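Survey of secondary and tertiary structure
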Amino acid sequence: MTRILLFGSTGMLGREVLRIAEETKFEGTIVTVSHAECDIRDEAQVEKTVAESGAQVVVNCAAYTQVDKAESETETAMEINGKATGNIARAAKRHNMFLIHISTDYVFDGEKEGAYKPEDETNPINEYGRSKLAGEKAIEATTGLRYAIVRTQWLYSHIRKNFFLTMLRLFREWENISVVGDQRGTPTLAAHLAEAIIKIAERRDEVETGIYHYSDSGSCTWYEFASEIAKNDGTKCMIREITTEEYPTPARRPKNSILDKSKTTRITGIALKEWQEGVRECYEKWRDERR
Ligand SMILES: NC(=O)c1ccc[n+]([C@@H]2O[C@H](COP(=O)([O-])OP(=O)(O)OC[C@H]3O[C@@H](n4cnc5c(N)ncnc54)[C@H](OP(=O)(O)O)[C@@H]3O)[C@@H](O)[C@H]2O)c1
């Protein structure tokens, strides 16, 4: 039986880990920790939480995730995504637990042609990416810790705040909208990543320590992602394709951040789903919950 300690249990991904565990009849226990119960910046509190959990696996879904705000709240982003990740890593090591930590495609600069492999050189172009990379480094510096850093991208779900829900709202508010069509990646249904996290937790003894990439399969631009959501929704809202230059944001984003998942599928045996399948699944879930 696997016992998991889950940080960030009230976030988008954390909540999906809990839902999927229940729906797939995960044969184990998940001990949840919310921000209110434990601020991961407090090392003593993290140590106490980890020590009392009796878990074999720590899953860290807690993070500072506001990409644009991180440009001005740089210190806070670094404290949570960088330093505090080190608190979790050291506590997991002290109690001989396997750590599954979620990181991001934004550790890359986006200049590569083709998909990024876990061992490719990192070079974040925004503060959020720099803070997440600092978290990865803190884990790697924890000697003797067994871990899987899982980099993912373009996460969405039928809950919380994300691109998928923003589009559905905009379709209802406007006749025309504009979406960037020159950044390429892969939309990833949080529920699919949640399944992968649970599998890694269950197979931790066979999973070698290191960095893994996980997203749904295929790739598209944000414009194509929006168009797929629109197709499912049957909206009459027109979507115009624009360039990044026409939609300036405080944080720069990589032009290409497609992830190479071959190591993940080989070592974990996880089968990837097409991103369009994720959109369909998410739309059905969202629609059913509104009925
Ligand atoms: N969303 C994406 O597109 C995306 C892409 C790539 C990677 N990721 C990574 O995926 C992971 C999950 O992201 P998500 O989208 O599920 O994020 P989310 O919805 O913003 O959830 C983040 C969670 O972290 C908690 N948290 C924030 N600061 C904390 C602190 N100091 N101490 C303890 N808990 C704290 C939040 O609690 P409160 O809400 O109560 O503060 C929330 O439960 C993160 O590591 C993120 O970097 C996300």
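Attention here is on the structure that accompanies the text. (Residues numbered from 1 in each chain as written. Predicted model: local features only at pLDDT ≥ 70, side-chain atom pairs only at ≥ 80, totals over all residues.)

**With respect to the overall build of the protein**
Helix and strand content of the protein: nine helices and twelve strands. Here the protein has a C-alpha radius of gyration of 19 Å; the compact-globule value for 291 residues is 19 Å, and the two agree. Its C-alpha atoms put the protein at 55 × 40 × 35 Å along the principal axes. Relative to its full complement of 291 residues, the protein shows a buried share of 46%. (Helix = DSSP H or I, 4+ residues; strand = E, 2+ residues; numbered from the N terminus. Rg over C-alpha atoms; globule rule 2.2 N^0.38 Å. Buried ≥ 20, exposed ≤ 12 C-beta atoms within 10 Å, placed from the backbone.)

**Describing the site of the ligand**
Contacts to the ligand come from 24 residues, most closely from G11, L13, H35, A63 and L155. Among the elements that make up the shell around the ligand, the one with the highest residue count is helix α1 (residues 12-23) (three residues). (Near = placed C-beta within 6 Å.)

**As for the pairing of strand β3 (residues 57-60)**
Sheet faces and side chains relate simply in a regular strand, where the side chains alternate between the two faces. Where burial is concerned, the two faces of β3 agree: the one with V57 and V59 and the one with V58 and N60 are both buried. With four bridges joining them, strand β1 (residues 2-7) and β3 adopt parallel strand pairing. Residue pairing in the sheet places L6 in a bridge with V59 of β3. Direction of pairing for β3 relative to strand β4 (residues 98-104): parallel, over a ladder of four bridges. If you follow N60 over to β4, its bridge partner there is H101. A crossover links β3 with its parallel partner β4, the connecting element being helix α3 (residues 74-94), and its sense is right-handed. (Pairing = 2+ DSSP bridges. Right-handed = clockwise from strand over helix to strand, strands pointing away.)

**A few points about the sheet that holds β1**
Spatially, six strands are ordered β2-β1-β3-β4-β5-β10 in an open sheet, and the strand pairing comes out parallel. Two strands bound the open sheet, and with one partner strand each, they are β2 (28-33) and β10 (210-213). For this sheet the average axis-to-axis angle between neighbouring strands, irrespective of direction, equals 20°. The pairing of β4 with strand β5 (residues 146-152) spans seven bridges and is parallel. The partner of T104 across the bridge, within β5, is T152. Contacting β4 and β5, helix α4 (residues 127-140) runs over the sheet at an angle of about 160° to β4. (Axes fitted to C-alpha atoms, helices over the stretch in contact; angles between N-to-C directions. Contact = placed C-beta atoms within 7 Å.)

**Notes on the nonpolar core**
Ranked by size, the top nonpolar core spans 83 residues in total, and within it V58, V59, I88, L99, I100 and I197 carry the most contacts. Broken down by element, this core gets its largest block of residues, nine residues, from helix α6 (residues 190-202). The residues contacting V58, other than those within four sequence positions of it, are L5, V50, I88, A92, M97 and L99. (Core = buried A, V, L, I, M, F, W, Y, C linked by C-beta atoms within 7 Å.)

**Focus: the environment of K112**
With respect to the helices and strands, K112 occurs in the loop between β4 and α4. Spatially, the C-alpha atoms of K112 and K255 are 8.9 Å apart, while their sequence positions differ by 143 residues. Beyond its immediate stretch of four places on either side in the chain, K112 contacts D120 and N256.

**Describing the pairing of β4**
Taken across its seven residues, β4 has seven buried, putting it largely inside the fold. Side chains F98, I100, I102 and T104 of β4 all project onto a buried face; the interleaved residues L99, H101 and S103 project onto the opposite face, where all are buried too. Read from β4 through α4 to β5, the crossover connection turns out right-handed.

**Points about unusual backbone geometry**
With phi around 55°, K25 is a residue other than glycine that occupies positive phi space. Within the fold, K25 resides in the loop between α1 and β2. Look at K25 and you get exposed, because 6 C-beta atoms sit within 10 Å. Look at R160: it is not a glycine, yet its phi comes out positive at around 65°. Residue classification places R160 among the partly exposed positions, given that 17 C-beta atoms sit within 10 Å.

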